[in-house]
Every structure is written in structure tokens, then in C-alpha cells.
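# Observations on the three-dimensional arrangement
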Amino acid sequence: QVQLVESGGGLVQPGGSLRLSCAASIMFFRAYGMGWYRQAPGKQREMVAVITSDGTTNYTVSVKGRFTISRDNAKNTVSLQMNSLKPEDTAVYYCNKFPAPVRVGSEYYWGQGTQVTVSS
């Protein structure tokens, strides 16, 4: 059964850091690209960072140089190190396959996410 469990969020001051983790119960995990996505209140979910099966990474412009995505294929985990956090990074963060999220039946499956709040 597919399961995505995100953790590591919290409240942090501007300029601070957080490290998010995602435990992914996905068959053949190492064969898939994985990504971190986020959704702020009133906004659509957006891709933040992705890592391909061979380790190539890509980031949305607003987080380049501040966030680092990594994966551990032995543990089926994906991490997101977030530094120099800004209030506009406040959102619920999710992990999922990239480019196509996990599907269960006819719908996309998303985990519960982890809340990141950047505020003084």
C-alpha cells in the first residue's frame, strides 16, 4: 500500500532553517523521480524541488541557493534542507513522485503534509 509520510515542519523565525523528511512506501522507489511540493493558504500547490532517479536536482527559482533536496534509496526517504527561510516559504509541504504524483485508482494520492511557518 502506498504511503507518504512527511515530517520535520514547525515554526521558525525568518533566516532560520528546517529539515523536512519524507518516508515513502513506494515499490521500486529508486526508479522514480521524487519531489517536494508546497501549498500556501489560498494558493495552488507548487513544485519546490525535485530529484531524479539518478540524483539530478532542480528547484523553483524562489528557493534556489537556499533549499537542498536529497534522497536515500536504501531507506526510501527524501529530505529537504531549508535554509534562510522567508515568510513567503510558509506553507504545507508535501512529497510525492515526480513528474507524476502517485495515483490510487482515479485520484492522486497525497500524504498529510507537514506545516512550515516562518514568522517572527
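Placed above this text is the structure.
## A word on the pattern of salt bridges
Taken as a whole, this structure holds three salt bridges when the rule is applied. Taken together, the shared-partner salt bridges connect Arg 38, Glu 46, Arg 66 and Asp 89 into one network.

## Describing the sheet that holds strand S6 (residues 57–59)
With mixed pairing, the six strands of this open sheet are ordered in space as S2-S12-S9-S4-S5-S6. Bordering the open sheet on either side are strand S2 (10–12) and S6, each of which pairs with just one other strand. Between one strand and the next, the sheet's axes are offset by a mean angle of 25°, whatever the strand orientation. Inspection of the sheet shows strand S5 (residues 46–51) paired to S6 by three bridges, in the antiparallel sense. Bridge pairing links Ala 49 to Tyr 59 in S6.

## Let's talk about unusual backbone geometry
In this chain, Phe 98 is followed by Pro 99 through a cis amide linkage whose omega measures 5°. With respect to the helices and strands, the residue Pro 99 is situated in the loop between strand S9 (91–98) and strand S10 (103–104). We note that Asn 76 has phi near 55°; this positive angle belongs to a residue other than glycine. Mapped onto the fold, Asn 76 is located in the loop between strand S7 (67–72) and strand S8 (77–82). A positive phi is found at Ser 84, a non-glycine position, where the angle reads about 50°. Here Ser 84 is to be found in the loop between S8 and S9.

How each quantity is defined
- Residues numbered from 1 in each chain as written.
- Predicted model: local features only at pLDDT ≥ 70, side-chain atom pairs only at ≥ 80, totals over all residues.
- Heavy atoms only, no water.
- Salt bridge = Lys/Arg side-chain N within 4 Å of Asp/Glu carboxyl O.
- Pairing = 2+ DSSP bridges.
- Helix = DSSP H or I, 4+ residues; strand = E, 2+ residues; numbered from the N terminus.
- Axes fitted to C-alpha atoms, helices over the stretch in contact; angles between N-to-C directions.

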